[in-house]
Structure formats: C-alpha cells, structure tokens
Amino acid sequence: MFVLVAVGISSGLLAAAVLAPVSFLAAVMIAPLISSATAILACFLIAWRNTAETGQPSQLDAQTDAMVVALRDVAQKAAAVSPAPRVGSSRRSAIKVG
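Computed from a predicted structure; not experimentally measured.

### As for the overall build of the protein
Here comes step 1: Each helix and strand counted, the protein has three helices and zero strands in total.
Here comes step 2: Here the protein holds 98 residues, and the buried ones make up 10% of them.
Here comes step 3: Carbon together with sulfur atoms contributes 70% to the accessible area of the protein, which is approximately 8800 Å² in total.

### Some thoughts on the pattern of salt bridges
Here comes step 1: The full count for this structure, using the stated rule, is one salt bridge.
Here comes step 2: In this structure, Lys77 engages Asp73 in a salt bridge whose closest nitrogen and oxygen atoms are separated by 3.5 Å. Of this pair, Lys77 and Asp73 are both found in helix α3 (residues 59–80), four residues apart, which corresponds to roughly one turn of the helix.

### Things to note about helix α1 (residues 2–19)
For an α-helix the count is 3.6 residues per turn, leaving residues at separations of three or four pointing the same way.
Here comes step 1: The end-to-end C-alpha distance of α1, which contains 18 residues, comes to 26 Å, matching closely the 26 Å that a straight helix rising 1.5 Å per residue would cover.
Here comes step 2: Of all the positions in α1, only Leu4, Gly8, Ser11, Gly12 and Ala15 are classed as buried. Along α1, the residues classed as buried sweep out an arc of 100° about the axis, all on the same side. Residues of α1 that are exposed and angled more than 90 degrees away from the buried face: Phe2, Val3, Ile9, Leu13, Leu14 and Ala17.

### Remarks on the side chain of Ser35
Here comes step 1: Tracing the chain through its elements places Ser35 in helix α2 (residues 24–54).
Here comes step 2: The exposure class assigned to Ser35 is buried, which follows from its relative accessible area of 17%.

### Some points on the environment of Ser35
Here comes step 1: When the C-alpha atoms of Ser35 and Gly8 are compared, they prove to be 4.5 Å apart, with 27 residues separating the residues in sequence.
Here comes step 2: In contact with Ser35, other than residues within four places in its own chain, are Gly8, Ile9, Ser11 and Gly12.

### Examining a nonpolar patch on the surface
Here comes step 1: On the surface, a nonpolar cluster with roughly 460 Å² of combined accessible area is contributed by Met1, Val5, Ile9 and Leu13.
Here comes step 2: Inspection of the secondary structure puts Val5 in helix α1.
Here comes step 3: Taking relative accessible area as the criterion, Val5 reaches 43% and is therefore assigned partly exposed.

What counts, and at which threshold
- Residues numbered from 1 in each chain as written.
- Predicted model: local features only at pLDDT ≥ 70, side-chain atom pairs only at ≥ 80, totals over all residues.
- Heavy atoms only, no water.
- Helix = DSSP H or I, 4+ residues; strand = E, 2+ residues; numbered from the N terminus.
- Buried < 20%, exposed > 50% of the residue type's maximum accessible area, 1.4 Å probe, protein only.
- Areas by Shrake-Rupley, 256 points an atom, 1.4 Å probe, with all protein chains shown as cover.
- Salt bridge = Lys/Arg side-chain N within 4 Å of Asp/Glu carboxyl O.
- Expected span 1.5 Å × (residues − 1).
- Arc of directions from axis to C-beta.
- Contact = heavy atoms within 4.5 Å.
- Patch = residues over 30% accessible without salt bridge, like charges linked within 9 Å, V, L, I, M, F, W, Y side chains within 5 Å.

This is the structure we're talking about:
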C-alpha cells in the first residue's frame, strides 16, 4: 500500500513539475490524473508480479477447494437420510392468553 501511495505522489509531483513552466492550470489539472493512472498501473504490475512468481494455485485455494468438496459430500449424505418423524402433541395448552 505504501508503494502505491509513493508511486502516486511522486508521479503526480513529477508531472506537475514538468507542466508548471508551460501552464500552471494544466499542471494542476493533469497531475492528479497522471498520479491516479500510475498508481493503477503499479497495482497491475504488483498483481502480475505476484502471480508470475507462484505459477500455481495457492495453498489457500487448495484448502478452499477441499472444504467445498467436504461440504458437498456432507450435503449429499444428509439428503440421502430420511428425516426424523415429527412428534407432535395432541393436547392443547390449558393456559390461554388474552
């Protein structure tokens, strides 16, 4: 996160410094846009670098897949078992409210 903030601030200041001699208004208007665009590009670069290093699904993804398989198995077993019979009371309550 700090890397993205540093990239955004530094690119915005650099753009403002380059454009300030030409037009102060252009520097004020374009610097935030360039800052945001470079921060977004830095996000994509960091994400691409992290996925390129691993090259395989993470351990957390494998654990999640195993949990989904286990839950589906439990759901299938629960559907196969007949439900317990309903036990009801034929007596009415002697206490009446209202």
